[in-house]
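# Architecture and fold: a report
As a plain string of letters, each chain reads:
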Amino acid sequence: MKPGSRQVTAPPLYLGLDASTQGLTLQALDVEGGAARLVFEHTISFDRDLPQYGTRHGVLPNGDARVVVAPPLMWVEALDRALAALASSGLDRTRVGAIAGSAQQHGSVYLNAAVEPTLAALDPRRPLVDQLAGVFSRAVAPVWLDASTSVECAEIASAMGGDLIVARLTGSRPFERFTAAQIRRFWKADPEAYARTTRIDLVSSFLASLLAGRGAPVDPGDASGTNLMELSSRRWSAAALAAAAPDLDAKLPPIVPSSTVVGTLAPYWQRRYGLPAADVVAWSGDNPCSLIGIGLVEEGRVGISLGTSDTLFGPMQTPRVDETMTGHVFGAPTGDDMGITVFSNGSLARERVRDACGFDWPAFSDALRRTPPGNGGALMLPWFVPEITPRVTAPAVHRLGLDPADGPRNARAVVEAQMMSMANHSRWMGVTIAAIHATGGAAANREILRIMADVFGADVYQVPVGNSACLGAALRAWHADARASGREIAWTDIVRGIAEPIAASRIRPVAANVRVYAALRERYARFEQTRVKSG
Ligand code: XUL
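Computed from a prediction, not measured in an experiment: that's the story for all the values here.

Turning our eyes to something else, we now look at the packing of helix 15 (residues 361-370) against helix 16 (residues 407-424). Orientation of helix 15 relative to helix 16, taken along the N-to-C sense of each, is 85°, at an axis distance of 8 Å. Considering their axes alone, helix 15 and helix 16 lie roughly perpendicular with respect to each other. Seen from helix 15, the contacting residues are F364, A367, L368 and R370; seen from helix 16, they are P408, A411, R412, V414 and V415. Class assignment of the residues belonging to the contact of helix 15 with helix 16 gives a composition of seven nonpolar, no polar and two charged.

This brings us to the pairing of strand 3 (residues 37-45). When strand 2 (residues 23-30) meets strand 3, the two strands line up antiparallel, connected through eight bridges. Bridged to T25 within strand 3 is T43. Here strand 2 folds back onto strand 3 in antiparallel fashion, the turn holding six residues, of which G33 has a positive phi close to 70°.

We now examine unusual backbone geometry. Backbone torsion omega between T389 and P390 reads -5°, so that peptide bond is classified as cis. Within the fold, P390 resides in the loop between strand 18 (379-383) and strand 19 (396-400). With a phi angle near 55°, H57 is a residue other than glycine that sits in the positive phi range. Tracing the sequence through the fold places H57 in the loop between helix 1 (46-49) and strand 4 (69-70). Its identity is not glycine, yet N375 carries a phi of approximately 55°, on the positive side. Residue position: N375 is located in the loop between helix 15 and strand 18. A relative accessible area of 0% places N375 in the buried class.

On to the site of the ligand, then. All residues in the neighbourhood of the ligand are listed as Q105, H106, W144, R177, D286, N287 and F330. Within the backbone of Q105, an N or O atom sits 3.1 Å from an oxygen atom of the ligand. Between the ligand and the protein, one listed contact pairs an oxygen atom with a side-chain N or O atom of R177 at 2.8 Å. For the ligand, whose accessible area on its own is 290 Å², the fraction buried by protein is 86%. Residue composition of the shell around the ligand, by class: two nonpolar, three polar and two charged.

A separate point is the packing of aromatic side chains. Evaluation of the coordinates by the stated rule reveals seven aromatic pairs. On the basis of an interplanar angle of 85° and a centroid distance of 4.9 Å, the ring pair of Y268 and W269 is categorised as edge-to-face. Here the two residues Y268 and W269 agree in accessibility, since each one is buried. Measuring from ring centre to ring centre gives 5.1 Å for W361 and F364, while their planes differ by 80°; the resulting arrangement is edge-to-face. Of this pair, W361 and F364 both sit in helix 15, three residues apart, roughly one helical turn. The buried category is assigned to F364, whose relative accessible area is 0%. Grouped by ring-pair contacts, the aromatic residues F175, F178 and F330 constitute a single cluster. One residue, R173, lies across the ring of F175, its end atom 3.9 Å from the ring centre. In this arrangement the basic side chain of R177 is found over the ring face of F175, its NZ or CZ atom lying 5.4 Å from the centre.

If you look at the biggest cluster of nonpolar residues, it comprises 83 residues, and the most contacted ones within it are L228, M452 and F456. The element contributing the most residues to this core is helix 16, with nine residues. L24, V115, V262 and W283 belong to the second-largest nonpolar core, a separate cluster that totals 60 residues.

This part covers the environment of E416. Relative to the helices and strands, E416 resides in helix 16. Once the C-alpha coordinates of E416 and I448 are considered, the two residues, 32 residues apart in sequence, prove to be 8.7 Å apart. A polar side-chain atom of E416 sits 2.8 Å from the main-chain amide nitrogen of G374.

Now for the environment of Y194. As for its position among the elements, Y194 is in helix 8 (residues 191-196). Classification of Y194 by relative accessible area gives buried; the value is 3%. Between the C-alpha atom of Y194 and that of S137, which follows or precedes it by 57 residues, the distance is 7.5 Å. Apart from the residues lying within four places of it in its own chain, the contact partners of Y194 are I183, F186, W187, I200, A245, P246, D247, L248 and K251.

Mapping S365 onto the fold places it in helix 15. A distance of 3.0 Å separates polar atoms of two side chains, one belonging to S365 and the other to N445. Apart from the residues lying within four places of it in its own chain, the contact partners of S365 are N445 and E447.

Quick notes on the rules
- Residues numbered from 1 in each chain as written.
- Predicted model: local features only at pLDDT ≥ 70, side-chain atom pairs only at ≥ 80, totals over all residues.
- Heavy atoms only, no water.
- Axes fitted to C-alpha atoms, helices over the stretch in contact; angles between N-to-C directions.
- Helix = DSSP H or I, 4+ residues; strand = E, 2+ residues; numbered from the N terminus.
- Parallel < 35°, antiparallel > 145°, perpendicular 65-115°, else oblique.
- Contact = heavy atoms within 4.5 Å.
- Nonpolar A, V, L, I, M, F, W, Y, C, P; charged D, E, K, R; others polar.
- Pairing = 2+ DSSP bridges.
- Buried < 20%, exposed > 50% of the residue type's maximum accessible area, 1.4 Å probe, protein only.
- Near = heavy atom within 4 Å.
- Polar contact = N/O pair within 3.5 Å; in protein donor to acceptor, adjacent residues only side chain to side chain.
- Areas by Shrake-Rupley, 256 points an atom, 1.4 Å probe, with all protein chains shown as cover.
- Phe/Tyr/Trp six-rings, centres within 6.5 Å; stacked < 30°, edge-to-face > 60°.
- Lys NZ or Arg CZ within 6 Å of the ring centre and 35° of its normal.
- Core = buried A, V, L, I, M, F, W, Y, C linked by side-chain atoms within 4.5 Å.

Here is the structure:
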């Protein structure tokens, strides 16, 4: 096909990319007949497939554990390889209608004046990575795991009038991993390199720019992970920019709605891989994309991901800020807001208790079956590692009326604690939770989900999706492409049949158990408060 033309005869394919910490995934969806079907998936693992960059788990080893950075050139090479894999997949790639992406949030890429002319003149005969080496004003990109900016967070809070003012304005108090503090630290450490920086991208807008062949904007979902966007107007906040670093306004991409078509696939991609001039849709963060990828498109349902850390997230029609300042408000791809709260003692805490009891997972589940809801009033605060929610810097495990040697009751206590903590610390979202979509490794355990249903008093469903962020990105591509051509499709129709929970997996709450937990949640909150204060 002639580059620049788009002759889509068969129903289009929609591409989603997910640039996560450890790898880059591409999925293709076929939406024939109005129902989406996954027809291609390919993942590039940074450590395994691009060993020349020397990453471990996708980031560069560093003597200071608080400093966590990655080489942006590695992401460039991964993007090229992902589209090469699509080109050799046998799929009819001339059918590609639009492409959108999801990226790890908060990370920032620092570019110099060479970036615009370089992107505008990419040579399809040479790999992307060889052509982009000269566009960076900083060779590395700090990512969300970085925790080195506590001083900068305090400086930003003090310049803006305190944590709560920042939280009310931007949706979160200053956090170490958020982009404002990262930019400030770079400016302080290397003011000359900062002055040479003409553009600061998020990981999402950087990769979208490569696809479009010119600087791409950011969406509110990812911009709300910077501590720089005014949540109410979805614009950069002059006060937040001034508190972070000088001349920042001129270096940040504009913010556009998530469903914006930001360009078409650059000639580089068309000529190199035989792709059409497909729409490039604004990229977003992985959490906003996951919201779509597990079918959370209306307030009243939330997702709980039980993984290394446990997270609770869900759409909010009206933005409400967490005045206790542990949760975040991000822009959702639907145009609404989303709340998210992260708990660091997730699977690790469950495993520690399981191991201390000498159980395997079936024995752990059996213990949950054999012990009564409410555990006879016994409580545990399972802070094996520093906890984000509530903020606990010195980890310690506390028990109330619980014998540490009583294996079954300890198994129940850790799960009840996690569920009660999530239920209590998500009240700030003001969402009446009717149903929970459970994902992550531990969501396979139905005994754990039974406790979840009873503590929240809500139906719990299992979700079939593997990479929900990538699927969410591909579905966003479909939604934006349809919208751009005047055929707006409701989000409920976009997710139908592909990003929906498994109906048969439903676990309903038991009324008597819900009553037990309603009282126990208050006791748990008091116990937690006394320990947070004394700790
Ligand atoms: C959210 C966060 C992570 C990253 C990486 O605030 O830091 O979820 O988006 O996945």
